[in-house]
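One-letter residues, chain by chain:
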Amino acid sequence: MTDNIGVLGKKAPQRTGVERVVNAPLPTVYGKFQAIGYMDHDRGDEQVALVYGEIGTDDVLIRLHSECLTGDAFGSQHCECGDQLDAALRAVVSEGAGVVVYLRGHEGRGIGLLAKLRAMALQAEGLDTVEANLALGLPVDARDYGVAARILDDLGVKSVRLMSNNPRKREALVSHGISVAEQVPLLIPPCENNITYLRTKRERLDHHLPHLDAVVSSS
Ligand SMILES: [Zn+2]
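Not measured: the values here are computed from a predicted model. (Residues numbered from 1 in each chain as written. Predicted model: local features only at pLDDT ≥ 70, side-chain atom pairs only at ≥ 80, totals over all residues. Heavy atoms only, no water.)

Below, the discussion takes up the overall build of the protein chain. Check the secondary structure of the protein chain and you find 9 helices and 7 strands. In summary, the protein chain has a C-alpha radius of gyration of 18 Å against a globular reference of 17 Å for 219 residues, a match within 12%. Projected onto the principal axes, the alpha-carbon positions of the protein chain cover approximately 55 × 40 × 35 Å. For the protein chain, the proportion of its 219 residues judged to be buried stands at 47%. Across the protein chain, the fraction of contacts at a sequence separation of at least 24, relative to all contacts at a separation of at least 6, is 57%. Split by element, the accessible area of the protein chain, about 11000 Å² in all, is 51% carbon and sulfur. (Helix = DSSP H or I, 4+ residues; strand = E, 2+ residues; numbered from the N terminus. Rg over C-alpha atoms; globule rule 2.2 N^0.38 Å. Buried < 20%, exposed > 50% of the residue type's maximum accessible area, 1.4 Å probe, protein only. Contact = heavy atoms within 4.5 Å. Areas by Shrake-Rupley, 256 points an atom, 1.4 Å probe, with all protein chains shown as cover.)

Further remarks concern the sheet that holds strand β1 (residues 18-27). Pairing is mixed in the open sheet, where 7 strands are placed in the order β1-β2-β3-β5-β4-β6-β7. Because the sheet does not close on itself, it has two edges, and the strands there are β1 and β7 (179-184). Direction aside, the axes of adjacent strands within the sheet are offset by 25° on average. Note: strand β2 (residues 32-40) against strand β3 (residues 45-52), 7 bridges, orientation antiparallel. By the bridge assignment for β3, Y38 is matched with Q47. Against the sheet, helix α3 (residues 81-95) engages β2, β3, β4 (60-66), β5 (98-103) and β6 (159-163), with an angle of about 160° to β4. (Pairing = 2+ DSSP bridges. Axes fitted to C-alpha atoms, helices over the stretch in contact; angles between N-to-C directions.)

Here the focus is the UniProt feature "binding site: GTP" (unreviewed entry) in the protein chain. Listed under "binding site: GTP" (unreviewed entry) in the UniProt record, and renumbered for this structure, are R63, L64, H65, S66, E67, Q84, E107, G108, R109, T129, S164 and K169. Spanning 107 residues, the named residues are also spread out in space, since their farthest C-alpha pair is 22.6 Å apart. With respect to the helices and strands, the residue E67 is situated in the loop between β4 and α2 (69-72). Once you skip the residues sitting within four places of it in the chain, E67 turns out to touch D72, Y102, L103, R104, G105, H106 and E107. Examined against the element boundaries, E107 turns out to sit in helix α4 (residues 107-110). Assessed through its relative accessible area of 6%, E107 is described here as buried. Those residues in contact with E107, other than ones at most four positions away along the chain, are E67, C68, L69, G112, L113 and K116. Only 2.5 Å separates the side chain of E107 from the backbone nitrogen of L69, close enough to count as a polar contact. (UniProt positions renumbered as here; feature names shortened; annotations may be inferred. Polar contact = N/O pair within 3.5 Å; in protein donor to acceptor, adjacent residues only side chain to side chain.)

The next point concerns the nonpolar core. Core analysis: the biggest nonpolar cluster contains 26 residues, and I62, L64, V99, L152, L155, V160 and L173 have the highest contact counts within it. Among the elements of the structure, β2, β3, β4, β5, α7 (146-154), β6 and α8 (167-175) are those that each provide at least two residues to this core. It is α7 that provides the largest number of residues to this core, a total of 5 residues. Residue contacts for L152: discarding those within four places in its chain leaves I62, L64, V101, V157, V160, L173 and I178. Residues F33, L50, Y52 and L89 belong to the second largest nonpolar core, which totals 14 residues. (Core = buried A, V, L, I, M, F, W, Y, C linked by side-chain atoms within 4.5 Å.)

What follows is the structure, given as structure tokens:
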């Protein structure tokens, strides 16, 4: 396969936009989801939305989860991504309906896996997560949420209750025409390995993390 059009088994002129490609049942430890696969022809990314239940159009409980291989698959305690994904999947099942859009291409807030590992190496030497990206000559946050908005639009979602602590995600969705009825906190109890990282997210990236106030300062 030489290009993304080949993946779809079609010979067609260069496509643009976000195309729904497949809908497959996905039984998980959390419950039975539908895995709806999309091709983002503009960026070349394969994307997936996990849909649970009859989601309707308004006030849909959603998470836009930025891909994090180390957190989501390896149980990394550097960040809280794995626990947030777990909590989001549990929440939509408990709610009876909802969507988790898993955003590929968002590793390390959009700098890529290897650059993220480089930034983690710098953080082990004492830089914070913002300083590390800047030291590498990379943006602090390069994530784009346009594809997420287009996926929600395809699913018929007009307004959401967004599980996130990040004000930028809310702003991004609104700017792409999805209204955010509520921002639902997704607060993961910090651990020794990520408390500094979480404090940086709060202090330098404006994340809403009020639960950190209860943690005695140790670093
Ligand atoms: Zn992570």
